[in-house]
Amino acid sequence: KIKHVICFHILNKIVQKMIKEFPYDSVSMAINTFAVNEIKARNLKFDPKAPAYMQLSNYLSKLIKKKPRAVTTSKNFNVPDGQLIGYQNLVQRIENGEDVNIYLSKKINNLMFSDRFLDDYGCVHFHLGEMLVGKYIERTGPVALAFVTEDEIFFIETKHHGKDPYIWSNKNVLEILHRERPHFISKNKVTALK
């Protein structure tokens, strides 16, 4: 997996040079052919009407790289009793550097899906089930909202998946990040205006 991601990023860097030397259509076709092969190698379905490169990029941006990370929690974070074991299993996997993508939304495999919570806020939601059902941990009502960095996963709060219509847009997630980990969202803050 890491080899594919590295190849993908190297290809990205080469593209700018290639555009100067090759026609845009040739470069676009080469990139999309590479992306189609990557998508097929991962047994994913893609929309042939949309650029495969963009769909692959969308998919890869949602994955959490396997590597050990510190686990921290906000002052607001608490785990419902029924999900405590699932949460402890997740924390152990995070600290051991194991695959935690199995705790994420099943929609990560939909290459056209735009996850506004992740794309806009940089936050993910982890399901807190205990058992693997197919390729994913069992879905739970309460989910743990978190911010993922290269070295840390910061759990913000738990919310009820599907019960709160504003779970993905409620500003309290950003307010907690602003209070407790402002450096996580500093690049998103407007500083030129008063």
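Residues numbered from 1 in each chain as written. Predicted model: local features only at pLDDT ≥ 70, side-chain atom pairs only at ≥ 80, totals over all residues. Heavy atoms only, no water.

**Q** How do you make sense of the overall build of the chain when you look at a structure like this?
**A** Each helix and strand in the chain was counted, giving six helices and six strands. Tracing the chain from N to C terminus, the helices and strands come up as α-α-α-β-α-α-β-β-β-β-β-α. Within the chain, buried positions represent 40% of all 194 residues. Restricting the contact set of the chain to residue pairs at least 6 apart, pairs at least 24 apart contribute 58%. Counting only carbon and sulfur atoms, one obtains 56% of the accessible surface of the chain, whose full area is about 11800 Å². (Helix = DSSP H or I, 4+ residues; strand = E, 2+ residues; numbered from the N terminus. Buried < 20%, exposed > 50% of the residue type's maximum accessible area, 1.4 Å probe, protein only. Contact = heavy atoms within 4.5 Å. Areas by Shrake-Rupley, 256 points an atom, 1.4 Å probe, with all protein chains shown as cover.)

**Q** How should unusual backbone geometry be read in this particular structure?
**A** Across the chain, the bulk of peptide bonds are trans and the bulk of non-glycine residues have phi less than zero. Located in the positive-phi region is Asn43, a residue other than glycine, with phi close to 55°. Within the fold, Asn43 resides in the loop between α2 (24-41) and α3 (52-62). Asn43 sits in the exposed class, given a relative accessible area of 68%.

**Q** Could you clarify how one ought to interpret the environment of Phe113 in this entry?
**A** Examined against the element boundaries, Phe113 turns out to sit in the loop between α4 (84-96) and α5 (116-121). Along the chain, Phe113 and Asn58 lie 55 residues apart, while their C-alpha atoms are 8.1 Å from each other. Phe113 has contacts with Asn58, Lys62 and Lys107, leaving out every residue within four places of it along the chain.

**Q** Help me out: how do you make sense of the nonpolar core in this one?
**A** As a rule of thumb, soluble globular proteins bury nonpolar side chains together. Judged by nonpolar contacts, the single largest core of 32 residues is most densely connected at Tyr59, Tyr87, Leu90, Phe126 and Phe155. Residues Val143, Phe154, Val173 and Phe184 belong to the second largest nonpolar core, which totals 13 residues. (Core = buried A, V, L, I, M, F, W, Y, C linked by side-chain atoms within 4.5 Å.)

**Q** Help me understand the pairing of strand β2 (residues 123-127) in this model?
**A** Successive side chains on a regular strand alternate, one facing one side of the sheet and the next facing the other. In terms of burial, β2 is a largely internal element, five of the five residues being buried. Both faces of β2 are covered, namely the face carrying Cys123, His125 and His127 and the face carrying Val124 and Phe126. Pairing analysis gives five bridges linking β2 to strand β5 (residues 142-148), with the strands arranged antiparallel. Following the sheet pairing, Phe126 is matched in β5 by Ala144. (Pairing = 2+ DSSP bridges.)

**Q** I'm lost on the pattern of salt bridges in this one. Help?
**A** Pairing between side chains becomes possible if they bear opposite charge and their charged atoms approach one another. This model, assessed by the stated rule, comprises seven salt bridges. Between Lys159 and Glu157 there is a salt bridge, with the nearest N and O atoms lying 3.4 Å from each other. Neither Lys159 nor Glu157 differs from the other in exposure class; each is buried. Among the ionic contacts, a cluster of salt bridges with common partners joins Lys65, Lys67, Glu150 and Asp151. (Salt bridge = Lys/Arg side-chain N within 4 Å of Asp/Glu carboxyl O.)

**Q** Would you mind going over the environment of Tyr53 with me for this structure?
**A** Locating Tyr53 in the fold gives a position in helix α3. Its relative accessible area of 21% is what places Tyr53 among the partly exposed residues. With 18 residues separating them in the primary sequence, Tyr53 and Ala35 have C-alpha atoms 5.0 Å apart.

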